[in-house]
Amino acid sequence: MFVCLCYGITDKQITKAVRDEGVGNMRDLRKTLGVGSQCGKCIQLAQQVIDNTIIDESLFKEVC
Ligand code: FES
């Protein structure tokens, strides 16, 4: 699903950036993929994707 239409960034790309490139907040994501640096309409959804990925990662670590 597209999160940032201005830059054509999907939720999968954001998830990958969190997992592989250590993105932990919107500032990091803006620097890495440009998300939120044009119209800003995607910021809330992008933040949710970051948060959900971090929660998933921490649950995975607890289980393993
Ligand atoms: Fe992301 Fe416009 S939709 S900056």
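Caption draft 1: Summary view of the overall build of the chain. When helices and strands are counted, the chain shows three helices and two strands. Tracing the chain from N to C terminus, the helices and strands come up as β-β-α-α-α. Taking the principal axes of its C-alpha atoms as reference, the chain extends roughly 40 × 20 × 15 Å. Each of the 64 residues in the chain was classed as buried or not, and the buried ones make up 30%. Considering only contacts within the chain whose residues lie at least 6 apart along the sequence, 48% involve residues at least 24 apart. Put simply, the chain shows about 4,400 Å² of open surface, and 52% of that area lies on carbon and sulfur atoms. The averaged location of the 8 negative side-chain charges in the chain is 7 Å from the averaged location of its 8 positive side-chain charges.

Caption draft 2: Inspection of the nonpolar core at higher detail. Of all hydrophobic cores here, the largest spans 14 residues; its most connected members are V3, I14, M26, L29, V35, A46 and I50. Only β1 (2–4), α1 (11–21), α2 (26–33) and α3 (43–63) provide two or more residues apiece to this core. Not counting chain neighbours up to four residues away, the residues in contact with M26 comprise V35, I43, A46, Q47 and I50.

Caption draft 3: Structural detail: the pattern of salt bridges. Under the criterion given, the structure shown has two salt bridges. Notably, a salt bridge pairs D20 with K16, separated by 3.0 Å at the nearest N-O pair. One end of the pair, D20, and the other, K16, are both in helix α1, four residues apart, so they sit about a helical turn from each other. A residue is classified by how much of its surface remains accessible, and D20, at 52% relative accessible area, is exposed. Here R19 makes a salt bridge to E57, at a shortest N to O gap of 2.7 Å. With R19 in helix α1 and E57 in helix α3, this pair connects stretches of sequence that are 38 residues apart. Given the relative accessible area of 46%, R19 is considered partly exposed.

Scoring rules and cut-offs
- Residues numbered from 1 in each chain as written.
- Predicted model: local features only at pLDDT ≥ 70, side-chain atom pairs only at ≥ 80, totals over all residues.
- Heavy atoms only, no water.
- Helix = DSSP H or I, 4+ residues; strand = E, 2+ residues; numbered from the N terminus.
- Buried < 20%, exposed > 50% of the residue type's maximum accessible area, 1.4 Å probe, protein only.
- Contact = heavy atoms within 4.5 Å.
- Areas by Shrake-Rupley, 256 points an atom, 1.4 Å probe, with all protein chains shown as cover.
- Lys, Arg positive; Asp, Glu negative; His and termini not counted.
- Charge placed at Lys NZ, Arg CZ, Asp CG, Glu CD.
- Core = buried A, V, L, I, M, F, W, Y, C linked by side-chain atoms within 4.5 Å.
- Salt bridge = Lys/Arg side-chain N within 4 Å of Asp/Glu carboxyl O.

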